[in-house]
Amino acid sequence: MSRRVLGWICVLLWFGLGLGLGTGRAQSSRRDLVRIKGRLHADLGLWGARNGLRGRWNPTSGELRFSNRWINLLFKADTARVELDGVLVWLEFPIAVERGRPYVSQRDLDMTLMPLLKPAKSTPGRKIRRVALSAGHGGKDPGNMEGGRQEKHYTLKLAKELAARLRAAGFEVILVRDEDEYIELDDRPAKANRLKADLYLSLHFNGAGGRGSTTANGLETFSLTLPGGRSTGGGNSTGVQPGNRFDKENLMLAYQVHRSLVQALDFADRGIKRANFAELRDARMPAILIEGGFMDHSEDLKRIMSDRERAKMADAIVDGVRAFKRLAERN
Ligand SMILES: [Zn+2]
C-alpha cells in the first residue's frame, strides 16, 4: 500500500472518530455497542472511562459507582434506577449485564444521562421570566381525599405560596386557577401557551388509590414520556406531542426542581419519572408535574397540611426553578 493511500485511510479513520465523538451518540464508538433484546446498548464501564469518570463495579451487589470531582453516579444492575448526586432518576430500560459486564441502553445515554450530565447550551437571548402554575384539580374535582381533606385545596394553597415567592424572586407568574374552580385538563396548558409562559409547573399531592393508609410515600416529579417511549408512571406511550420539543429541558427542569425538593425536605425520594399526562403533552414550554407527597400516608399528610412545611416546599421549588433558569440562559 502506498504511503499516500495509508495517509488517506488515517485521515478517514480520524474523521470517523471525530464524528462519533461530536454527535449525540454520547461518545460511544461502534465497537462498544451491542444489541440486547433488540436494543443498542453501550458498555457502561467504557462509557464512564471515556467521560472522565472513575468507576467501581461490584458484581455481587450489582452496584456500579462512577465519580469525578463534580459528579456521583450510582447504577444498579437489572434495574432502571440511577442516582445522580444522590437524586433518583428512572431510566427507560434496566442496566443489563452480559458476560459479567454492565450495559446501558444508548437511548438512555442520549435522552436521559447525557442531557443531565452535559446540558446543551441555549440559544442566545433565551430568557426564563414567566412561570405558569397549575394547581391540580378544583371545583367538582377534589383530587385525592383523605379524611375529608381534599387535594384541590392544598394544591391551591401551595400554588399561591409559590406564586408569592416566585414574584419576590423576580418572576412573572400566571396562576392557571386562583380559586376553587374546575378547569378541563386541556385548557390548563392552553392558557399557559396563550399567555406565553416560559415554564409550566403542575402541582399535585399523591394518593395510593383509596385503599386506606398506605406505605407508599415520598416525592416524585414527572416530565413528558419520550415519543414512542416508556412511561414510568401514568399514561401510555404515544407518538410525538408538542411537549416533546422540550424533552431535554423538561428533564433538566424536573431534575433541578426535584433535587432541590429532596435535599430541602424530609420526604422520601421516589424519583424523576416520565408520564404521558395531558398537561405535559400540550405545554409549548418546558413543563413538569410535581407530586408533593402522599395524602394517604400519615407522615406525608402532616407535612402537606403544615403551612410551615409547604412554605419550605415552595422555597425549594423556587430554588430549583432558579437553578434551571441559570442553565437555560447560559450560552
Ligand atoms: Zn392530583
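Note that the structure is predicted; figures quoted are calculated from it, not measured. (Residues numbered from 1 in each chain as written. Predicted model: local features only at pLDDT ≥ 70, side-chain atom pairs only at ≥ 80, totals over all residues. Heavy atoms only, no water.)

### A look at helix α5 (residues 187–194)
Argument step 1. All of the buried residues along α5 are R188, P189 and A192. Considered in projection along α5, the buried side chains sweep an arc of 90 degrees and stay on one side of the axis.
Argument step 2. In this structure, the buried side of α5 is in contact with β10 (130–135), β14 (199–206) and α7 (278–282). (Buried < 20%, exposed > 50% of the residue type's maximum accessible area, 1.4 Å probe, protein only. Helix = DSSP H or I, 4+ residues; strand = E, 2+ residues; numbered from the N terminus. Arc of directions from axis to C-beta. Contact = heavy atoms within 4.5 Å.)

### Section: the sheet that holds strand β1 (residues 33–36)
Argument step 1. In space, the four strands of this open sheet follow the order β1-β2-β9-β8, with antiparallel pairing throughout. On the outer flanks of this sheet lie β1 and β8 (96–98), each paired with one strand and no other. Neighbour to neighbour, the strand axes of the sheet diverge by 45 degrees on average, direction disregarded.
Argument step 2. The sheet contact formed by β8 and strand β9 (residues 101–105) spans three bridges and is antiparallel. Bridge assignment links A96 to a residue of β9, and that residue is Y103.
Argument step 3. Of the strands in this sheet, β1, β2 (39–43) and β9 are in contact with helix α3 (residues 106–117), which crosses β9 at around 60 degrees. (Pairing = 2+ DSSP bridges. Axes fitted to C-alpha atoms, helices over the stretch in contact; angles between N-to-C directions.)

### A closer look at the packing of aromatic side chains
Argument step 1. Counted according to the given criterion, the structure contains three aromatic pairs.
Argument step 2. Pairing W47 with F66 gives two aromatic rings, centres 6.1 Å apart and planes at 80 degrees, and the pair type is edge-to-face. One end of the pair, W47, is in helix α2 (residues 44–50); the other, F66, is in strand β4 (residues 63–67), and 19 residues separate them in sequence.
Argument step 3. Given a relative accessible area of 0%, W47 falls into the buried group.
Argument step 4. You can call F66 buried: its relative accessible area is 2%. (Phe/Tyr/Trp six-rings, centres within 6.5 Å; stacked < 30°, edge-to-face > 60°.)

### Re the coordination of the zinc ion
Argument step 1. Distances from the zinc ion to its protein donors, H137 (NE2), E151 (OE) and H204 (ND1), fall at 2.1 Å.
Argument step 2. Within one chain, the residues serving as donors to the zinc ion are arranged as H-x13-E-x52-H. With H137 in the loop between β10 and β11 (145–146) and E151 in helix α4 (residues 151–168), this pair connects stretches of sequence that are 14 residues apart.
Argument step 3. When its relative accessible area of 18% is taken as the criterion, H137 is described as buried. (Donors = N, O, S within 2.8 Å, 3.2 Å for Na, K, Ca; no water.)

### Thoughts on the side chain of N51
Argument step 1. Note on placement: N51 falls in the loop between α2 and β3 (54–58).
Argument step 2. The class of N51 is buried, set by a relative accessible area of 16%.
Argument step 3. Of note is the side chain of N51, whose polar atom sits 3.4 Å from the side chain of K118. (Polar contact = N/O pair within 3.5 Å; in protein donor to acceptor, adjacent residues only side chain to side chain.)

### Quick word on α3
Argument step 1. With ten of its twelve residues buried, α3 lies for the most part within the structure.
Argument step 2. Of all the residues in α3, the buried ones are Q106, D108, L109, D110, T112, L113, M114, P115, L116 and L117.

### Digging into the confidence of the model for the chain
Argument step 1. Residue-level pLDDT values for the chain average 88, and 87% of them are 70 or greater.
Argument step 2. For the stretch residues 1–28, pLDDT sits under 50, and the model shows 24 contacts to residues farther than four places along the chain or on other chains. (pLDDT = per-residue confidence, 0-100.)

### A closer look at the nonpolar core
Argument step 1. By size, the foremost hydrophobic cluster in this structure holds 66 residues, and its most contacted members are L73, F75 and I317.
Argument step 2. Shared between two domains, this core takes at least three residues from each, and those domains are domain 1 (26–117) and domain 2 (130–329).
Argument step 3. Discounting residues that sit within four places of it in the chain, L73 has contacts with W47, L53, L64, R65, F66, V82, E83, L84, L113 and L117.
Argument step 4. Judged by nonpolar contacts, the second largest core, of 15 residues, contains A197, L224, A275 and L289. (Core = buried A, V, L, I, M, F, W, Y, C linked by side-chain atoms within 4.5 Å. Domains from an automatic or database assignment.)

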